[in-house]
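Residue-level listing of the chains:
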Amino acid sequence: MRLLLVEDEDAIRSALDRALRRWGHEVMAAADLATAKALAAERPPDGVISDLKLPDGSGLDGVRLWGVPFILMSGFASFDDAVEALRLGCVDFLTKPVAMQTLQASIGRLGDRCRDWDLCLISLEGGGSSLIRPVPEGFDEQQIAVESLEWTHPEEAYRLFEEIGSQLEGKRERQLLAELMQALPSGRVVVNAAAGWWRAWLAGTVDWQADDGARDRRAVIADLADRIVERDGGMAVECVRTRVGS
Ligand code: CA
């Protein structure tokens, strides 16, 4: 797996880095959230192992952003942190110091989750940005076609979707993207695509209760998805990834 390791204590980070590599993983290591975000933007990780308390924020902010299976570590954690971690789908919440044997078992569970998590994740975060993330199957290193489109009227959204939609695999994911783009009165979408997978990031705000049209669209999105998780100021939508080429 390609693992993103986020830990600000140098001694712990290098010990974990060594262990993870020894167990055959590719490791991207960061000492703070900003570095971790830059690394993840460059090469999306399969999973994340993160300290909870980082110099520039909470590990929870990172995992919320990346939407991949994760393990959190903390010297001490509040009840609220633990609840939030579980709500976000934390594989394990480990107390530091973490015994290597414990970590190895957790990494095994993380691997299982990565395999099971054959999902498309769409999350509408506080600011209304959303992420559609079909988990790569046979991840292709030969990145990436990038399209970045903006619209300022709802009518433009579908026309723009038609420009990019034909390049994207998966009927259901495509339809979800079309619905989401049209849900945003104005917005922006960035699509990265390569053989067998694609990702789209949407930014904009949605008022799902605005009118009947918005409520209907929300229902269509719910129908297309397998699961919608409501969050403060947003929601996460997941669907089982359709087969490549379907
Ligand atoms: Ca720390």
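Residues numbered from 1 in each chain as written. Predicted model: local features only at pLDDT ≥ 70, side-chain atom pairs only at ≥ 80, totals over all residues. Heavy atoms only, no water.

Caption draft 1: Layout of the overall build of the protein chain. Scanning the protein chain for helices and strands turns up 8 helices and 14 strands. In the protein chain, which comprises 246 residues, the proportion classed as buried is 49%. The contacts of the protein chain with a sequence gap of at least 6 include a subset with a gap of at least 24, amounting to 58%. As displayed, the protein chain offers around 11600 Å² of accessible surface, 50% of which is attributable to carbon and sulfur atoms. (Helix = DSSP H or I, 4+ residues; strand = E, 2+ residues; numbered from the N terminus. Buried < 20%, exposed > 50% of the residue type's maximum accessible area, 1.4 Å probe, protein only. Contact = heavy atoms within 4.5 Å. Areas by Shrake-Rupley, 256 points an atom, 1.4 Å probe, with all protein chains shown as cover.)

Caption draft 2: Inspection of the pattern of salt bridges at higher detail. Enumeration according to the criterion identifies 13 salt bridges in this entry. Measuring nitrogen to oxygen at the nearest pair gives 3.0 Å for the salt bridge that ties Glu 7 to Lys 96. Separated by 89 residues along the polypeptide, Glu 7 in the loop between β1 (2–6) and α1 (10–22) and Lys 96 in the loop between β7 (92–95) and α5 (100–116) bring together distant segments of the chain. Since its relative accessible area comes to 0%, Glu 7 is described here as buried. Among the charged side chains, a network of salt bridges with common partners joins Glu 7, Glu 9, Asp 51 and Lys 96. (Salt bridge = Lys/Arg side-chain N within 4 Å of Asp/Glu carboxyl O.)

Caption draft 3: Looking closely at the coordination of the calcium ion. Around the calcium ion, the protein contributes the donor atoms Asp 8 (OD), Asp 51 (OD) and Lys 53 (O), at 2.1 to 2.4 Å from the metal centre. Counting along the primary sequence, the residues that act as donors to the calcium ion give the motif D-x42-D-x1-K. On the criterion of sequence distance, the pair formed by Asp 8 in the loop between β1 and α1 and Asp 51 in strand β3 (residues 47–51) is long-range, its members being 43 residues apart. (Donors = N, O, S within 2.8 Å, 3.2 Å for Na, K, Ca; no water.)

Caption draft 4: Inspection of the pairing of strand β2 (residues 26–30) at higher detail. Two elements, β1 and β2, share 5 bridges in a ladder whose sense is parallel. The residue of β2 that forms the bridge with Leu 5 is Ala 29. A crossover links β1 with its parallel partner β2, the connecting element being α1, and its sense is right-handed. (Pairing = 2+ DSSP bridges. Right-handed = clockwise from strand over helix to strand, strands pointing away.)

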